[in-house]
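Below are the chains, spelled out letter by letter.
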Amino acid sequence: MKKLKMIIPVAIGVSLVAGCSGEAGKTDAGGNADASAKGAVQLTYWRPQASGPEDDFYKNRVEAFNKAYEGKINVKMEAVTRGNSFAYEDKVNAAVASHTLPDVIALDGPNVANYASSKILVPLDSYFTKDDMNDFVPSIIQQGTYEGKFYAVGMQESSVVLFYNKKMMKEHGIEPPTSMDKAWTWDEWYDVMKKTAKDGVFGTNMINDKGEWMTYAFEQMWISGGTDIVSKDGKTASGYVNGPKGIEAAQFLQKLSKEKLFNIDPKPTEFEEGKAATKLGGPWNIPGFKDYPNLEWGITYFPKKAGGTLTAPSGSWAIGISADSKYPKEAAEFVKWMTNTESSVGIAKAVSMPASRKSAYEKMPEYNELPLKIIKEQVTTVSHARPVTPAYPLLTQKFAEALTDIMMGGDVKKSLDNVADAYDSEYKKNYAK
Amino acid sequence: MEIVSHPARAEHGSKPAASLRSGKRKESLTGYAFVFPAVVLLIVFLLVPFLLAIALGFTKFNLLRPEDISFIGLRNYLDIFQDKLFYKSLFNTMYFTVIVVPVQCGVALILALLVNNALPFRNMFRIAYFSPVVTSMTVIAILWIYLYNPNEGLINSLLDALGIPKQPFLRDKSQAMNSIIFMSVWQAAGYQMMIFLAGLQGISRDMYEASAIDGAGKLQQLRYITLPSLYNVIVFVLMITTIQAVKLFTQPFIMTNGGPENSTRTLALFIYQQGFQFRNAGYASAASVIFFLIVLLISLLMRKFLKDK
């Protein structure tokens, strides 16, 4: 019901914005109509629409920037509706065709390579110092780098951890690990699920959106096994996504679903209501836990393969300069501003996500103790970005389809072969040089 | 077309006729003025994209790299004809159409016959059958995801109560498309029902009275009066239902994303994914040209077999 009540005003708001979008874009925060008259460089900036503290963060930071650079640079920000998950990308696609991209553009992390290879983005290497580059957590650099050049800076990071129900763990005498060297392996996690799954309680709960989550969360199981879903250079998926280690990872997921250790059509609040002993989720879940005072929760690491490496998903919205910009230097000033330590702290707090800069954590002492310490450890040391390949849109779609099929009982090898075939032929046809 | 003035005739016309002509010319100008916005919209949003799709079908065109467009002749078509997923999508689309068209039109006809009778509450029934039609398919699709939920879904709870084992519905490749067909028929049959109802009410009462005097029963009346009188309406309804069915997109897009194992991937979904998600606009254009030709062929065949009576 709460959601429904939210939807109505949002829907009205959206239709109002759509009705007078020309004006709405201009009057958004930071718009200073007479700035150009004073000789300041006018920049435009697109970002996806947000609400609450996240929206406030953007407005305040842009306003502060315009004040700090008064008379020199003025940024007009436009919040673009995300009606469905692709509405923002559709608008970008249209702007590419008509060369009307803004100077500064927000983009989802895994799209960096696709945009960079399409020459939509300008490299940022010359604008950031070595110290800056070392201050970003490694996965941010990895996500933003395509063919040796750095194109986009993650505004914040993300991570997937394993939440657990403390009471249930105590009941079964299970002690979840609190240090990296003791992180659960898949088998140990499986045992925990086996022990706890009974009487309408699932061993674990996870989003099952049949979409980006599948790649975001589960590609890591390939990485943990020492492989990936595409080769390092991004040229082929055959032998990677469907290699023996990949098949093993997919079989593990299929085993969990076959033994009904998680609900393939989950209620989002299963874990919060005590209907699941663990939950594969992210920092974004934490604010919602407050609504369930009976829930005693803890955090442990993203499970790794026995004998494999510890890793964790990462990636979130990033910011870059479009090739259409006439003022890349000034745009770089703004990108630097929006990703400096202060912004990094601000956005991390606003969206309850881990920060993208190591220095930001110094200002967030809560990340030094359990449970958030686990998230910080994952983000700053072991996280991996999703594959940096221009054919990512096809890869993620096909991979998500395959994993969904596998969890529903489809043939593991055949499903993964399909991903490899589709990816390889797409890459050869459209991106090979 | 009559409004268009013929200059040849106007020249030879006598005086009063000429003034009549000039009056007509004024009238035709007004006519053009009224038609103008519609024609412009048709050209911009229908004709131009249509011609563009044909032209782009011969190119390699990445949506994000409009500068790199290159002419590749029939390459896209050759690729499509080797694309297993294209055939799978084509098969699914045809399967959906072949089942949905007769079932949906049949259900609609039965509903129309029912609510055409002087039943008590018949307006209530009419509204009940028609209301899903005016609801957005997106909303309905999301609702039916819950209804079809393999664990706690309403339909499975019902089956459970009746002692029938729970079904996976959208989660199973052999049931997913049929589940979509069932909900699609439920959603759209009210629309065809309304058209049938209008047709039914156009049939003269006299024929029924006369046939009743001759001793015809209800079934004979249906067979010899109602169905023949409805023939044109039935043809119309079959045609529009077919064209709608072939375009199936929203339900699989929202409910299954084409899965499981591509069992609900349709041509429209295939084209959308290629064009917008994978940015292969050239390939998608070629596929949509083929799609257009298939729809055209079906419509022509239907016209031939249905209209020639």
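In the nomenclature of an unreviewed UniProt entry, chain A is known as ABC transporter substrate-binding protein of Paenibacillus chartarius.

*Asks:* Explain the domain arrangement of chain A here, please?
*Replies:* Interfaces are often sized by the accessible area lost when the parts come together. All names here are of chain A. Domain annotation of chain A identifies domain 1 (4-158 + 315-384) and domain 2 (161-312 + 390-430). Taking the mean C-alpha position of each, domain 1 and domain 2 sit 28 Å from one another. In this assembly, 22 residues from domain 1 lie in contact with 22 residues from domain 2. Counting each side, the surface lost to burial between domain 1 and domain 2 is near 1,900 Å², with a carbon and sulfur contribution of 67%. Ranking the residues of domain 1 by area buried against domain 2 places I374, Q378 and H384 at the top, with a combined share of 28%. Scanning the region where domain 1 abuts domain 2 turns up zero salt bridges. Taken together, domain 1 and domain 2 are joined by seven residue pairs in polar contact (both at pLDDT 80 or more). Of all the elements in the fold, those that place two or more residues in the side of domain 1 that touches domain 2 are α5 (112-117) and α16 (372-382).

*Asks:* Can you help me understand the packing of aromatic side chains in this one?
*Replies:* Aromatic ring pairs are defined here through the distance separating the ring centres and the angle between the ring planes. Inspection of every chain in the model, using the stated rule, returns 39 aromatic pairs over all chains. Ring geometry for F163(A) against F289(A): centres 5.0 Å apart, planes inclined by 85°, an arrangement best described as edge-to-face. Of the two residues, F163(A) is situated in strand β7 (residues 161-165) and F289(A) in helix α12 (residues 286-289); the sequence distance between them amounts to 126 residues. F289(A) matches F163(A) in its accessibility class, with the two residues each being buried. Pairing F86(B) with F270(B) gives two aromatic rings, centres 5.8 Å apart and planes at 65°, and the pair type is edge-to-face. In this pair, F86(B) is assigned in helix α4 (residues 84-116) and F270(B) in helix α13 (residues 267-277), connecting sequence segments 184 residues apart. No difference in accessibility class separates F86(B) from F270(B), as the two residues are buried. Taken together, the ring pairs connect Y45(A), F65(A), Y69(A), F334(A) and W337(A) into an aromatic cluster. The ring of W46(A) has K91(A) lying over it, and the distance from NZ or CZ to the ring centre is 4.8 Å. Cation over ring: R223(B) sits above Y224(B), and NZ or CZ is 4.9 Å from the ring centre.

*Asks:* Even after reading the chapter, I still don't get the nonpolar core, so can you show me in this structure?
*Replies:* Soluble globular proteins tend to bury their nonpolar side chains together. Residues and elements named next belong to chain A. Grouped together as the largest cluster of nonpolar side chains are 57 residues, with contacts concentrated most on F218, M221, W222 and V241. Counting residues per element, the ones that place at least two in this core are β7, α8 (166-171), α9 (186-196), α10 (212-224), α11 (244-258), β9 (276-281), α17 (392-407) and α18 (412-430). Residue contacts for W222: discarding those within four places in its chain leaves T227, D228, I229, Y240, V241, G246, A249, A250, F399, L403 and L416. Residues V41, Y58, V62 and F289 belong to the second largest nonpolar core, which totals 55 residues.

*Asks:* Would you mind showing me how to read the confidence of the model for chain B here?
*Replies:* Any residue range with low pLDDT should be treated as having predicted coordinates unsuitable for detailed reading. All names here are of chain B. With 92% of its residues at a pLDDT of at least 70, chain B reaches an overall mean of 88. Put simply, helix α1 (residues 7-12) is where chain B has its lowest mean pLDDT, 46, and helix α3 (residues 75-80) is where it has its highest, 95. Segment residues 1-14: pLDDT under 50, and six contacts once partners within four positions in sequence are set aside and those in other chains are kept. Under the prediction, the complex receives an ipTM of 0.81, its pTM being 0.85.

*Asks:* What's the story with the interface of chain A and chain B in this structure? I'm lost.
*Replies:* Each partner contributes residues to the interface: chain A has 29 residues there, and chain B has 30 residues. Taken together, both faces of the contact between chain A and chain B bury some 2,700 Å²; the carbon and sulfur share is 42%. Our count for the chain A to chain B interface comes out at three salt bridges. A salt bridge links E401(A) to R265(B), with the nearest nitrogen and oxygen atoms 2.9 Å apart. The interface formed by chain A and chain B contains 14 residue pairs in polar contact (both at pLDDT 80 or more). Sorting the residues of the side of chain A that touches chain B by element identifies α4 (87-98), α5, α17 and α18 of chain A as the ones contributing at least two each. The element contributing the most residues to the side of chain A that touches chain B is α17(A), with six residues.

*Asks:* Could you clarify how one ought to interpret the pattern of salt bridges in this entry?
*Replies:* Oppositely charged side chains are able to pair whenever their charged atoms sit close together. Tallied over the full model, the rule gives 19 salt bridges over all chains. Between E212(A) and R386(A) there is a salt bridge, with its nearest N and O atoms 2.8 Å apart. Of this pair, E212(A) sits in helix α10 while R386(A) sits in the loop between α16 and α17, placing them 174 residues apart in sequence. Overall, E212(A) belongs to the partly exposed group, its relative accessible area being 26%. A salt bridge links D68(B) to R65(B); the shortest N-O distance between them is 4.0 Å. Judged by relative accessible area, R65(B) falls into the buried class, the value being 15%. Connected through shared salt-bridge partners, R47(A), D55(A) and K59(A) make up one network.

*Asks:* Teacher, can you tell me more about the side chain of E272(A) here?
*Replies:* All names here are of chain A. Inspection of the secondary structure puts E272 in the loop between α11 and β9. Despite its burial, E272 remains without a salt bridge, the nearest opposite charge being carried by K279 at 4.3 Å. Sequence-distant contacts of E272, that is, excluding residues within four places in its chain, are made with K279, F289, Y292 and L295.

What counts and what doesn't
Every chain begins its residue count from 1, and numbering advances along the sequence as written. Chain letters and ligand numbers both follow the written order, the letters beginning at A and the numbers at 1. Thresholds applied to this predicted model are a pLDDT of at least 70 for local features of residues and 80 or more for the giving and counting of side-chain atom pairs; totals over whole chains, interfaces and linings are not thresholded and use all residues. The basis for every side-chain value is the complete set of heavy atoms in the structure, and neither hydrogens nor water enter the calculation. These domain boundaries are the output of an automatic or database domain assignment. Contacts are residue-level and defined by heavy atoms, with any inter-residue pair within 4.5 Å sufficient. Summed over both partners, the accessible area lost on bringing two parts together, with a 1.4 Å probe, is the buried area. What counts as a salt bridge is simple: a side-chain nitrogen of Lys or Arg found within 4 Å of a carboxyl oxygen of Asp or Glu. Identification of polar contacts relies on pairs of N or O atoms within 3.5 Å, with a donor-acceptor requirement for protein atoms, meaning one able to donate a hydrogen and the other able to accept it, and with residues adjacent in sequence counted only if both atoms are side-chain atoms. Think of it this way: any DSSP run of H or I at least four residues long counts as a helix, any run of E at least two long counts as a strand, and we number them from the N terminus. Classification of ring pairs rests on two measures: the distance between centres of Phe, Tyr or Trp rings, Trp counted by its six-membered ring, which must be within 6.5 Å, and the angle between planes, read as stacked under 30 degrees, edge-to-face over 60 and tilted in between. Burial classes follow relative accessibility: with a 1.4 Å probe on protein chains only, a residue under 20% of its type's maximum area counts as buried, one over 50% as exposed, and anything between as partly exposed. Charge-over-ring placement is defined geometrically: NZ (Lys) or CZ (Arg) within 6 Å of the ring centre, and within 35 degrees of the ring normal. For our purposes a nonpolar core is just a set of buried Ala, Val, Leu, Ile, Met, Phe, Trp, Tyr and Cys residues, chained together by side-chain atoms within 4.5 Å. The predictor rates its confidence in each residue with pLDDT, a number between 0 and 100. Positive residues here are Lys and Arg, negative ones are Asp and Glu, while His and the chain termini are left out of the count.

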